[in-house]
Amino acid sequence: MKEKVLIFWFQRDLRIADNVGLALALAQGIPVYPVFIIDPTLVHEHECIEDRSIDYMHQALVHVNLNLKTYGSRLHGYIGKPLEVFQSLAEQFDIQGIYCNRDYEPAYYQRISILKDQLQGTGILLWDAKDQVIFEQHDILKKDGTPYSVYGAYARKWKEKLQTIQLEAQPAALTNFYQTEWQEFLSLRQLGYLKTDVEFAAYEWDEYQISQYGDLRDFPGKGATTRIGVALRFGTISIRQCVLKAINLSEVWLNELIWREFFKQILYHFPDVEHQPFKKRFETFPWRNNEEEFVCWCLGRTGIPMVDAGMRELNETGFMHNRVRMIVASFLCKHLLIDWRWGEAYFAAKLLDYDLSSNNGNWQWVAGTGCDAAPFFRIFNPLVQAKRFDPDAVYVRRWVPEWEQKDIKPIVDLQEASKRALSVYRQFRESF
Ligand SMILES: Cc1cc2nc3c(=O)[nH]c(=O)nc-3n(C[C@H](O)[C@H](O)[C@H](O)COP(=O)(O)OP(=O)(O)OC[C@H]3O[C@@H](n4cnc5c(N)ncnc54)[C@H](O)[C@@H]3O)c2cc1C
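Quick caveat, the model's predicted, so the values are computed rather than measured. (Residues numbered from 1 in each chain as written. Predicted model: local features only at pLDDT ≥ 70, side-chain atom pairs only at ≥ 80, totals over all residues. Heavy atoms only, no water.)

Concerning the site of the ligand
Which entries qualify depends on this criterion: Put simply, a residue is near a molecule or strand once any heavy atom of it comes within 4 Å of that molecule or strand. In the analysis that follows, any N or O atom pair within 3.5 Å is treated as a polar contact, provided that within protein one partner can donate a hydrogen and the other can accept it, and provided that, for residues neighboring in sequence, both atoms belong to side chains. Every accessible area reported is derived by Shrake-Rupley at a probe size of 1.4 Å, with residue values counting cover from the shown protein chains alone.
Surveying the vicinity of the ligand reveals 27 residues, the closest of which are Tyr213, Thr225, Thr226, Arg227 and Asn322. Here an oxygen atom of the ligand and a backbone polar atom of Ile228 are 3.0 Å apart. One of the backbone N or O atoms of Asp355 is found 3.1 Å from an oxygen atom in the ligand. If the ligand stood free it would expose 820 Å²; the protein chains cover 97% of that surface.

Below is the structure:
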């Protein structure tokens, strides 16, 4: 007779603690068999490449596997299509159900609804739980049942609703894991990747930093933001723990966590934004799209110190400070009049904390094409921004050591390019 198990399918929730779907599975009283499935298209068979995000994710998986050892279990890694993996597990076990946590990206919804149907055909039920956010798409709606597209009103409702719920994690029955001999997780090399400079470490709270966040967050040289984005991307930390800290320590930080959920529900309700402007009329916007200028921007070689500093920080570390993200994005879309989608794709490839909804929402916000976006006449002047937020050039000096040389020629004249942007945006607006 086959052994009865429940499967817990780790995805973007790489932790044991305060994991809603996992806790639900463990509460059923049937051994829980933990799996992680690697999409074969991500695997490099013939040569090894460097990818910081994959390296980080891999280290997080190794960490989960080590944690599971404590409970007499392990993380079972598979390379393949989820349906095929579950079908082959069904030959070995009597699968009583599959639990996982929900994602909010269009590709996830497509994949999971097909998978649910296919599995149902084989008699296996799949449950996905809310874990990645405090409030998902249908939790915060306007009185008429439609989604919010203005952040301020959304955030007010979000905060009201927070008063009505309990955030504390439910204790999980950790002894209910499927007991097995422990083994190392698949190695990074087996997947076709090389070790990079990224180090995963379980997140350590710096309460003082969060309490100072409101005053210091805008100064890139101070390193005063939490850098928790990558942990939220891969779910190595629970959003409930973040919000509990924010409630006690900083409303400004809480507001940022709400932006994250705001953009997730925008992507859910308006999935077209993944490839198109939220404001449809921008589909015909006359971007200049100069490829040489784009390459200079990517490489941090525009001759504008703050822009170059940001892009070099991104290229060298996989991170960029939020204020600087706004400056480089504004420079790309406004001064260079390059389509925000080019910048969005570059960020997606480089950012360790890359998140489709936040990246897309913020790019569209800067470009003026998004919901609740910055007005077209807001063009960040990178020199003024540098004076204000990096007055001693601590940040610029770190990434652009040659910044004080007088003979560095910017690829555009900032004043001229700003005037050009204003005129193109204005003319475009008047054409409607
Ligand atoms: C052009 C552009 C692209 C961006 N792309 C991404 C992206 O791919 N992934 C991403 O997580 N954030 C993105 N952001 C938002 C923001 O810059 C980062 O979340 C933040 O810099 C991450 O650093 P941190 O973890 O130290 O954040 P903190 O400042 O400490 O904030 C804590 C968390 O709040 C959330 N948050 C903060 N600001 C925002 C915001 N404006 N929108 C949505 N969530 C926010 C993030 O989850 C962040 O980790 C982008 C911003 C811009 C202007």
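There's plenty left to go through after this.
A short note on the pattern of salt bridges
Under the convention used in this document: The term salt bridge refers to a side-chain nitrogen of Lys or Arg lying within 4 Å of a carboxyl oxygen of Asp or Glu. Each helix corresponds to a stretch of at least 4 residues labelled H or I by DSSP, and each strand to a stretch of at least 2 residues labelled E; elements are numbered beginning at the N terminus. Exposed residues in this analysis have more than 50% of their type's maximum accessible area, buried residues have under 20%, and partly exposed residues fall in between, with area computed by a 1.4 Å probe over protein chains only.
For the structure on display, the rule yields 26 salt bridges. When the shortest N-O distance is used, the salt bridge between Glu402 and Arg312 registers 2.9 Å. Taken together, the residues Glu402 in the loop between α16 (394-399) and α17 (414-430) and Arg312 in helix α11 (residues 305-317) connect sequence positions 90 residues apart. According to the relative accessible area criterion, Glu402 is partly exposed, its value standing at 22%. Linked through salt bridges whose partners overlap, the residues forming this network are Arg12, Asp103, Glu105, Lys264 and Asp355.

Description of the pairing of strand β1 (residues 3-10)
The line we're drawing: Whether two strands pair depends on DSSP finding at least two bridges between them. Every crossover in which the path from the first strand over the helix to the second runs clockwise, viewed with the strands pointing away from the viewer, is termed right-handed.
The element β1 is extensively covered by neighbouring structure, given that six of its eight residues are classed as buried. The sheet contact formed by β1 and strand β5 (residues 93-101) spans five bridges and is parallel. Along β5, the bridge assignment pairs Phe8 with Tyr99. Here β1 pairs with strand β2 (residues 32-38) via five bridges, running parallel. The residue of β2 that forms the bridge with Phe10 is Phe36. The handedness of the β1 to β2 crossover, carried by helix α1 (residues 20-26), is right-handed.

Concerning unusual backbone geometry
A positive phi is found at Asn289, a non-glycine position, where the angle reads about 50 degrees. Tracing the backbone shows Asn289 in the loop between α9 (251-269) and α10 (291-299). You will see that Ala393, though not glycine, has its phi angle at about 55 degrees, which is positive. With respect to the helices and strands, the residue Ala393 is situated in the loop between α15 (382-389) and α16.

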